[in-house]
Number of protein chains: 2
Amino acid sequence: MAALRFDADDERYIRELSEYVAIPSVSRDGDPAVMRRAAQWLAARLDFARPRIVETRGFPVVVGQWMGRPQAPTVLVYGHIDVQPTGDIDEWLTPPFEATRVTGPDGEDRLRGRGVTDDKGPSYIAIETCRQFLAQEGALPLNVKFLFECEEEIGSPHLADFVHAHAEELGADLVISADGAMWRTDEPSLSIASKGLLALDIEVEGPNRDLHSGRYGGTVANPIHALVELLATLHHPDGRIAVEGFDDGVPALSDEERNEIEAVPFSEEAYRADLGVDQTHGEPGLGTLARLWTRPTLEINGIRGGGSYTVIPHVASAHLTCRLVAGQHPDAVYEAIVRHVNAHIPRGTRVGISREGGSVPAYAIDRDHPAITAATAALAEVYPNERVLLARIGGTLPATTLFEDALGAKTLFFSFAYADELHHAPNEFLRVRRLREGMRAWEILLRLLGDGEHRLAQRAREEAIA
Amino acid sequence: MAALRFDADDERYIRELSEYVAIPSVSRDGDPAVMRRAAQWLAARLDFARPRIVETRGFPVVVGQWMGRPQAPTVLVYGHIDVQPTGDIDEWLTPPFEATRVTGPDGEDRLRGRGVTDDKGPSYIAIETCRQFLAQEGALPLNVKFLFECEEEIGSPHLADFVHAHAEELGADLVISADGAMWRTDEPSLSIASKGLLALDIEVEGPNRDLHSGRYGGTVANPIHALVELLATLHHPDGRIAVEGFDDGVPALSDEERNEIEAVPFSEEAYRADLGVDQTHGEPGLGTLARLWTRPTLEINGIRGGGSYTVIPHVASAHLTCRLVAGQHPDAVYEAIVRHVNAHIPRGTRVGISREGGSVPAYAIDRDHPAITAATAALAEVYPNERVLLARIGGTLPATTLFEDALGAKTLFFSFAYADELHHAPNEFLRVRRLREGMRAWEILLRLLGDGEHRLAQRAREEAIA
Ligand SMILES: [Zn+2]
Ligand SMILES: [Zn+2]
C-alpha cells in the first residue's frame, strides 16, 4: 500500500496543535468571540475543503467538503471545537491553555493542556492526514465531508436541528468520529456498541406540608419511608432488575459472545482494587465485563428528601437513569417502569414519575461492517504486535443515533484519545506518539474505505433500502 | 376558696407585656446587650423574689426565690426570655416587636407579636399572679423559686450545666413550666407524658469515588441502592417497626388506657383533611391518637445522595430520629438499631452508623401525682364547662429529664399558650382572654399546692427515696 510521508518529528504538529489549544474555547458560559476564533482557526485548516462557518441558535458549526472522487463513497468526519472548563485551576501543573510537553510517569512524551485529547488533538490528526493526501498525492482516496461543532461539551443542544436541516449537504455513507476515546492504553480498540439512555424522576408526596415528628410522627406516611420502600423494589438483592418487562427484547448472551468477552484480558482484582471495593456487584451469572458491555442498567443516581432535623418532610424524590442495550426501546422501558411504580405505590402517598430530557436508544454497528473491518486493518497495521479489541461502550453516544436518523449512516469512532488521558479533568493530556500513529491509521483507513468502495457503497445502499 | 382580684380589663397587662415584647430578645445570633436588657426587664418584675442575673458561658439566666413559707412545699417556676427569629419579615401583618391587639378570625381578641405566646405571655402570667399574691395577701401560699433562661430557642446549650451546678439553690418539690402549649384551643389539657429522642446517622459507602454510570454501571454496588434496600428493612409495609428489640420494655396498651384515649374527642377525618392525605398510616390495630401518644417511632428525616446526573455516587446517607416512650432506654434502642443495620448490610458496601447529639429518655408524670390533680382542679375551676384532658406529647421536652436528674423533681407544664398560636412562625399571637384565665388558674394551682402541702411534700419525699 502506498504511504504518505509524515514529519520525522512532531515539532510542527505540536506547534500547530498548541496554537489551537491556546484558544480557550470553553463552551460552558462561553464567550462567542472566543468560540468564533477557535472555529476560524479550524476552518483555516480545512482550506482544501471549501470551509464555511455556519451560525446556529448557539455557537457556530464548521462544515466543509472535498468531493473530488465522484465514483467513490463519501465519509463525514465529525469532531468538536469546544472544550470543558478547566475546573480548579490550582490543580493544573501547567497553564491549561499553554500546551506543554512533559514526560509522563509511564516514561512517554505527553502534551498537556485543556482540549488536547478532547477533542483538539484527535481532530487535528484527522485534518492533517487529509491535508497530506492533497499535498503529496493531490487527492483524497474518497470523498470527505467535515462537521465540527462548538457545543459538544454542553450536550450539543443545536446539533440535531442543524444536521436534520442540512441532511442533504452532510449526506455520507459513513460518519467517522474523531471524538471518543479508546478503551485501554495498551490495546487498540474499536467500539461496536454503545448503550442508550433514559432518565426519569420519581417524586413521592405525603402530607401537604413538612410536619413536626413529635406532633405527627407514626401517624402519617413519611415520604422518605415510602420512597425507599418503592425504590428497594426495583432490584432484587442479588442485583437483578426486578421491573417486569424491563429487558424485554434483549437477546440472551450467546455462547459465542460470552466466549469472546471472556477472552478479553480483564483483571477483576485490579478492577476492585481501583474502585476500593471488596466485591463487584451486579446480575448474577455474568462477569464484570459482560455486565458492563451487554446488560442494561437501572441506576438511582440521586436521592433527596428532608434534612438533618426531626421533621417529616412532605416530599422526597429520586433521579434515575437507565443505560439501554440493543433490543430495548426507551418508550417501552419507561412504560415498564411506570407500570412497576404504579403497582408498588406505598400506602398513603402519591407518586409522580416523569421522563427527564430526551432518551437515546442503544447503538450498534455490525462487527463485519466494512467500516469496522477497514478500521481493524488500519489499527493492525499501525500496531502490528497488538490484537485489536472490539469493545462495547457502557456509556451513551447520542450523535450515533442522530447520524443514523438524519443521514442513514453508521458512525465509526476513530479517535486517538485514550480513556486515561484525564478528559474533563485538570491536567488533560495526549500521548505525543498518537499524533503520527493516528495520522498513519487515518491514512490507511481512508485508503481502505476508498479502495473497498464496492463494499462500503454496497453496504450503504443495502442499509438505505432496509 | 379565697380569690385574688385581677384587673377588670386587660389594659395594664397588655401594656406591660408589650414592653417585654418590644425587647427583641432573639437568641439565635443574639445581641448580648439586648438579651441582657430583656433579662433585666424580667428581673425587675421579680423584685419580690430577690432576683439575680447570673452569667453562663452563653446568655445569662435569671433566678429568684420567695421562701416565706418554711413549712410549705417549694415549686420552681421555669420559663424562657428568648424568642425565635422573626422569619420572613414580609409575612408579618404587623411589626413583630410591636405587640398589636387584633381580632382573630375566631372573633377573639389576640395580641400579636414575636414571643407573645412563646414564652413572654405565659411567663408574665405566672409572675403577675405571684405579684398579686404579695400585693393583696402579703404572701404566697407556698415557696416559689424562679428560673428563666435566655437560650431555650437555641436548644438550651448551657442550662444543664447551670442547673446541675446550682442544684441546691434551685431545689424544689415540683417544677412548674410556664413554657409549653396546650394541645387544643377548645379543651383545657395537661400533659402527662412526653416522648424521648434519639438521633442517628447512617452512611453507606461504595466505591472510593463517584463513578460514570456508563463506564461502571451494573458492575459495582450503588450506595443509593444499598441505602434504600437497608432503610426499607426498618419498617414492615404495614407500618410496624421491624427492628428486633426496638420496643423491648414498652408495656402493651392496657384496656383502660385504650378506652381513655378512645374517649378523647378526635376526628380522623379532620386530621386527614388538615394534612391533605387520604389515609393515615402507622402501626396496625391502633388509632391515630393512640399511635401518637403511646407508641415509639423510627423516622427517616433526611436522605441524601448523588444528584441529577448519570453519576453513581460513592456515598449516600440518611438522618433518622426515634421518639421513645416509657420503658425504652435510648442506649438499648440504639444498640438494637445497630444490630439490625449490621445484620442487613447490603453486599459490596460499607455502612457506618453513629449517634448524633445527646439522647433524651421519655418522660411521664403519674396521673394521680398531686401536681396533676391540683392542676386539673385549677383548670376545672376556670373552665367549668369543659373537661380537662390528660394528654400525652409526641414531642420531646429535654428540660423534664434535666429537672428530674438534677433536682429529683417532676415537671408540670402549665402554660396558657395554645398549640395553634403560631409559635416560631410569623404572626405569633396569644389569645387575650388567656391572660386573666391563666392568672386565675395559677392562683388556684398555687393555693392547692400550698393547701395540699401534705400530699405534695409527702410525694416529694417518697420520690426522693425511690
Ligand atoms: Zn469530546
Ligand atoms: Zn417556648
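As shown above, the structure is provided for reference.
The text that follows walks through the structure, step by step, so that each part is easy to find.

What counts, and at which threshold
Residues numbered from 1 in each chain as written. Chains lettered and ligands numbered in written order. Predicted model: local features only at pLDDT ≥ 70, side-chain atom pairs only at ≥ 80, totals over all residues. Heavy atoms only, no water. Donors = N, O, S within 2.8 Å, 3.2 Å for Na, K, Ca; no water. Helix = DSSP H or I, 4+ residues; strand = E, 2+ residues; numbered from the N terminus. Contact = heavy atoms within 4.5 Å. Buried area = accessible area lost by both parts, 1.4 Å probe. Salt bridge = Lys/Arg side-chain N within 4 Å of Asp/Glu carboxyl O. Pairing = 2+ DSSP bridges. Axes fitted to C-alpha atoms, helices over the stretch in contact; angles between N-to-C directions.

**Some words on the coordination of the zinc ion (ligand 1)**
Any two of four tetrahedral donors ideally make an angle of 109.5 degrees at the metal, while pairs among six octahedral donors ideally make 90 or 180 degrees. All names here are of chain A. Note on the zinc ion (ligand 1): its protein donors are His80 (NE2), Asp118 (OD) and Asp179 (OD). The metal-donor distances range over 1.9 to 2.3 Å. For the zinc ion (ligand 1), all donor residues lie on one chain, and their spacing in sequence is H-x37-D-x60-D. Within this pair, whereas Asp118 is found in helix H3 (residues 116-137), its partner Asp179 is found in the loop between strand E7 (174-177) and strand E8 (189-194), the two being separated by 61 residues in sequence.

**Focus on the interface of chain B and chain A**
Contacts between chain B and chain A engage 66 residues on the former and 66 residues on the latter. Counting the surface lost from both chain B and chain A, the interface buries some 5,400 Å², and carbon and sulfur atoms represent 50% of this. When residues of chain B are sorted by the area they lose upon contact with chain A, B:Thr219, B:His281 and B:Arg347 head the list and together hold 12% of the total. Summed over the shared surface of chain B and chain A, the number is 2 salt bridges. A:Asp274 is paired through a salt bridge with B:Arg209; the nearest N and O atoms lie 2.9 Å apart.

**Quick notes on the sheet that holds strand E1 (residues 52-54) of chain B**
Two strands in a sheet stick together by hydrogen bonds in their backbones, pointing the same way (parallel) or opposite ways (antiparallel). All names here are of chain B. With mixed pairing, the 6 strands of this open sheet are ordered in space as E1-E2-E6-E3-E7-E17. The open sheet terminates on both sides in strands that have one partner only, identified here as E1 and strand E17 (410-413). Each strand of the sheet is rotated relative to its neighbour by a mean of 25°, with strand direction disregarded. Bridging between strand E3 (residues 74-80) and strand E7 (residues 174-177) involves 4 bridges; their strand directions are parallel. Counterpart to Val75 in the pairing with E7 is Leu174. Against the sheet, helix H3 (residues 116-137) touches strand E2 (61-66), E3 and strand E6 (143-149), its axis set at about 145° to E3.

**With respect to the sheet that holds strand E8 (residues 189-194) of chain B**
Residue and element names in this part refer to chain B. Spatial strand order, E15-E8-E16: 3 strands in an open sheet with mixed pairing. Lying at the two open borders of the sheet, with one neighbouring strand each, are strand E15 (363-364) and strand E16 (389-393). With 5 bridges connecting them, E8 and E16 associate as parallel partners. Residue Ser191 lies in a different strand from E16, and its bridge partner there is Ala391. Contacting E8 and E16, helix H12 (residues 370-382) crosses the sheet at an angle of about 155° to E8.

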